[in-house]
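# Report on the structure
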Amino acid sequence: MTRPEKGIRDMRHPNREPLHRGLLHRGRLLLLLRLAVVLGLVAGGLAVVSRGGGVSARQLSAEDGAAWLVSSATGQAALVDGASSQVVARVAVGTGELSSAQAGPNAYVVNSTAGSVLRVDGATFAPTDPVRFGTSTAARRLQVFPTKQAAFVVDGQSGLVTTADPDTLQARGLQSIAARAGAGGVVADDAGRLWLIDRAGGGIVRLDERGRKVRTPATASDGGRLVLVAGRPAVVDAAARTVLPLGDDGAPGARTCLDTLPADDSVAVLGDQSRPRVYAVSGQRGTLVISDLAAGSCDTVLDLAAAGHTLGQPRQAAGRVFIPDFTDGRVIVLDAADRRIVARPEVLPAGTRFELVAQGPYMFFNDPGSFRAGAIRLDGSVRVIEKYNPDRPGAGLTGGAGNGETDQPRDDNGMQNVSAPLPPTAPAPRVTRPKTVPPAAPVGNTGVAIQVSASRAGVGRPVTLRLVARDGTRIAGATWSFGDGTTGGGAQASHAWSQPGDYLVIAHATLADGRHAAPAVRITVDQTAPPPVPGTGVDVQPGGPDNGSTDALVARLTVTPASGAAPLQVAADATGSTAGTAPITGYAFDFGDGTTSGGPGAAATATHTYEAGAAGTTFTVSVAVTDEAGNVSRASQPVTLTDAGAPPVPTMTVTADVDRWRVNAQAGTGGAPTTRFALTADLPDVTITPVSDTAFDVVPTSCAAFTVTLTAYADSGASTPSAPQSLDPQADGVSCTFEKPILAVKAVDGFGFTVAVSNPGAAGSVSYQWSYTAEGGDGGGLGVETAGDQIHFRTPDCRLITVTVTATGPGGSATSEPVTGMGCTVPDPIVLSRTVVGTRITWTWALPSNTHVENYFVSHSYPGAGGEDGDGGATTEPGTSYTVDGIPGGTYGFGIIAENAAGRSSAHDEVTLPGEGTSPLPNPTDPPDLPQDPQDPDGNGDPPPGPGPTTSSSSPPPSSDPPPPPPDPEPEPSTPVQDPPPAEDPPPPPPESVPEQQPPPPEPEQPPAATSG
């Protein structure tokens, strides 16, 4: 090695002594990673009424927060965008008991009734033909686990696992594994491998993308379940109250306790996405317990206030844990880092079974049996989404049932029976899908628009919305979804929102000629909207479509008190509602706890008592006002239960200035008197300064959106918080500075690593464009995967990779400083063991498997004419054994070093044979100075019989030249030799050509004959 080459290597690893390796070839290749396009709303709220045929190709990335949600009753899959709470596409997938899994933008829909799976392309929204797995026509309990390399289909009844092509669903292989599907017995890890619990023997089985099966050393009991913890599998045994992490090869790690009751069958478990934690949720106890695998502890317990409730499978998104509570139709939102409950929003009627689907920074709830779904943000706020129009479920489909023909056998429903594995040359199976959804009514190319009296409104102030067909066609009827969980009807509607936020209002309109449209418009509700025009009671936007008209039915509602301790009696008053062109005929009240009153002909006031409830519980009181023309207008107000002696829920008015916001606090009604206020933000770098007892200045230091919460305090110290209010510097015109992203290397596992942004922006506010340069180029099997603010590398060797990222968001763009990472770690210790039979010595070893090894150095020592002699050299294939036929009284040694760019590990052993006439050397089964060989725990491996050199069946020795037999009468050791390495340092690399050396023969000893394998 030349001095410049040595300097390069020393600079790369300044804390290590130089390695004896050749010059590394360095290359640089800049690769800009493609970012998914974030879909937005059409400005002005105009929806083009299109014909049912086609949609333009598009793609929505998983990190953008778009999820496929299925509807079993109508046989549809809907792509829902979490940022806009908008349905992007609806695809017909066939009726039956449906479930789905998602890989990137693509959906895999399982129809358990038909026993089939189909794939919906996330770019074109085109579904494949459904493929049936197995030959039976009966319903099958299937699960699909898609990865980039394969789609694994698990049949929970037969225990069969099919490995299929992820694009065509063409079967690659079939394995019979009595997998505990449906009971937490199957997971797919971040490397694209499937892990299963085999019910037959309790073993852990791993499948790769080709369907090859490997049985791992770990086992699981009957009650064991598999979860992913930071991308790796772990076995959770609730009965034994333990968590057992598994390595990449399935080797078990250190057990951690799990604080659950052995007889509690209500426990559901979840592994943390990035931290070494496992969460166990108990409906019986109403608690969540945390097992910390890094600390080995399980002493953190959180009271969910849900004892005796039926709780579903928890999910995680962006550090939040979401727990479905079927008993009261709520979702418990937990901050996993701070270990606190953030919110418990009501999402569906009590008793409804629903699923949670995590995608990007959003958590979606979905009722597969109805049109109801929605998105839950990290602060617990909810956006209700209609997956389809319940009045016309077939309207607006962007995909349809195929009519492909095939010669394959089919059943009565036109479904093809596919038996896996199929031959590698077999064509991709095609299936004719039955028409399950009626076609939508014909539509024209005209548009339907929503006219609004104000696009920005204050809390509690009604907004009038009216449907208008651009070609003048009469609107025959419509249903409205106001984005806050309430609905309305009629071509014109009025609605007031009770909480600040951005609401997507969707109207499902039917035109007089039979066409249909679903226009949408966004309404911003805050505390800073312009006041209503005097005398109208309606927020009229200057120049807006209504031109100040007051002929609309407008509902208005006041509820007093707005908060207080249970039992709390409230009075709802809708006498402020105003009629349009037709007189009002009735008022219908809904108090949000299942209690309703009023109706046609009812009075404009009602009272109700909330008998019990936990502090912080909020009910939405709403009124539906109806007139003689059939128009309906709704308004709502929140009522919050507080602790006894606590002040009422406060309200705040926010005004934006050049570089700050002014927040004015106001006390609510009911409860104890408010004596002071406090304002807090959910970002640590926001500066909040009190300017009076009831006013605060809020100054941002970055362009990220955040929320502020106003808390009211009573003399007793009791407090009541307000609902969080979102502040966005970019949207509100407040000056800010975009923050440069900071990168950190983490999760180095021996075969890859992750680079993450340690200061990410608020969810959905920042996009990231990654670039990297790999030492020696990016070929040779390098795998790269981006996920928003993270990039993950699977490395085929120990190359260095330099990474940067450009973040773009409100306020501009900024590029990080580069960081350099490497997937390799220090090789595990080499396990070396020895056996001696007569004068024959055999060393065997187990090589490290935890990381890539770039070079091995092997050394041998034996008696020479002038004393100890030896040889050795570098190799990439050291084999697994080395045998030498020694001479009585001779001392022999063997050493091996495993080395990569991260470090090295080594093992060495030496033994002296007994002299002539002495007792044979005992054959230790577990020599005290050697680690035990896991592949030969008894240490009694037998070398091949017979005199002379022997060769094992494993890999060849470092040298490519076999040793010649010893000469007669004075044979000498004849293996390619060079200077032996020092005891603690690796040997120098072998020269291009080394002549065979013959040391002087010892007198009168017989030299050894050696072989290695």
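Before reading on, note that the structure itself is shown above.
Residues numbered from 1 in each chain as written. Predicted model: local features only at pLDDT ≥ 70, side-chain atom pairs only at ≥ 80, totals over all residues. Heavy atoms only, no water.

Right, let's get into the overall build of the chain. In terms of helices and strands, the chain carries two helices and 75 strands. Buried residues in the chain amount to 51% of all 1013 residues. Roughly 42,700 Å² of accessible area belongs to the chain as shown, and the carbon and sulfur atoms make up 51% of that amount. (Helix = DSSP H or I, 4+ residues; strand = E, 2+ residues; numbered from the N terminus. Buried < 20%, exposed > 50% of the residue type's maximum accessible area, 1.4 Å probe, protein only. Areas by Shrake-Rupley, 256 points an atom, 1.4 Å probe, with all protein chains shown as cover.)

Moving on, we come to the state of the cysteines. According to the stated counting rule, one finds two disulfides in the structure shown. Bridging C257 to C298, the disulfide has an S-S length of 2.1 Å. Disulfide C257 to C298: torsion about the S-S bond roughly -115°, handedness left-handed. With C257 in strand β21 (residues 256–257) and C298 in strand β25 (residues 297–303), this residue pair connects regions lying 41 residues apart in the sequence. (Disulfide = S-S within 2.5 Å.)

The subject of this paragraph is the pairing of strand β22 (residues 267–271). Among the five residues of β22, five are classified as buried, and the element is accordingly described as predominantly covered. Burial of the side chains of β22 extends over both faces: V267, V269 and G271 are buried on one face and A268 and L270 on the other. As consecutive antiparallel partners, β22 and strand β23 (residues 277–282) are separated by five residues. (Pairing = 2+ DSSP bridges.)

On to the sheet that holds strand β64 (residues 790–794), then. Consider a sheet: its strands pair through backbone hydrogen bonds, and that pairing is either parallel or antiparallel. Strands sit in the order β60-β61-β64-β63 across an open sheet of four strands; the sheet is antiparallel. Strands with a single pairing partner mark the edges of an open sheet, and in this sheet they are β60 (743–746) and β63 (783–787). Sheet twist, expressed as the average angle between the axes of neighbouring strands with direction ignored, equals 20°. Relative to β64, strand β61 (residues 752–757) runs antiparallel, the two being bridged by five bridges. The residue of β64 that forms the bridge with A756 is Q790. (Axes fitted to C-alpha atoms, helices over the stretch in contact; angles between N-to-C directions.)

Summarising burial for strand β4 (residues 76–81): six of the six residues are buried, a large majority. Of the two faces of β4, the one carrying Q76, A78 and V80 and the one carrying A77, L79 and D81 are both buried. Pairing between strand β3 (residues 66–71) and β4: six bridges, direction antiparallel. Bridging across to β4, A67 finds its partner in V80. Counting the residues in the hairpin turn of β3 and β4 gives four residues, including G75, whose phi is positive at 65°. Across six bridges, β4 lies against strand β5 (residues 86–92) in antiparallel orientation. By the bridge assignment for β5, D81 is matched with Q86.

Okay, the environment of S112 next. Mapped onto the elements of the fold, S112 is located in the loop between β7 (106–111) and β8 (116–120). The class for S112 is buried, based on a relative accessible area of 12%. Along the primary structure S112 and S99 are separated by 13 residues, whereas in three dimensions their C-alpha atoms are 8.0 Å apart.

Among the secondary structure elements, G96 is positioned in the loop between β5 and β6 (98–103). Expressed as a C-alpha distance, the spacing of G96 and A73, which sit 23 residues apart in the sequence, is 7.2 Å. Every residue in contact with G96, bar those within four places of it in the chain, is listed here: S72, N111 and T113. (Contact = heavy atoms within 4.5 Å.)

Here the focus is the nonpolar core. I450, L465, L467, W480, W497 and V505 are the most contacted members of the largest nonpolar core, which has 23 residues in total. If you list the elements that add at least two residues to this core, you get β35 (447–452), β37 (463–469), β38 (475–481), β41 (501–511) and β43 (520–526). At five residues, β41 tops the list of elements feeding residues into this core. When neighbours within four sequence positions are excluded, W497 is seen to be in contact with V459, G460, V463, F482, D484, Y503, V505, I523 and V525. If you look at the next biggest cluster of nonpolar residues, it comprises 22 residues, including A496, L568, A574 and Y610. (Core = buried A, V, L, I, M, F, W, Y, C linked by side-chain atoms within 4.5 Å.)

This part takes up the sheet that holds strand β30 (residues 355–359). Reading across the sheet, the four strands line up as β30-β31-β32-β33 and stay open at both edges, with antiparallel pairing between neighbours. Lying at the two open borders of the sheet, with one neighbouring strand each, are β30 and β33 (382–386). Strand-to-strand, the axes of this sheet are offset by a mean angle of 25°, without reference to chain direction. As judged from the four bridges shared by strand β31 (residues 362–366) and strand β32 (residues 372–376), these two strands associate in the antiparallel manner. Along β32, the bridge assignment pairs N366 with A373.

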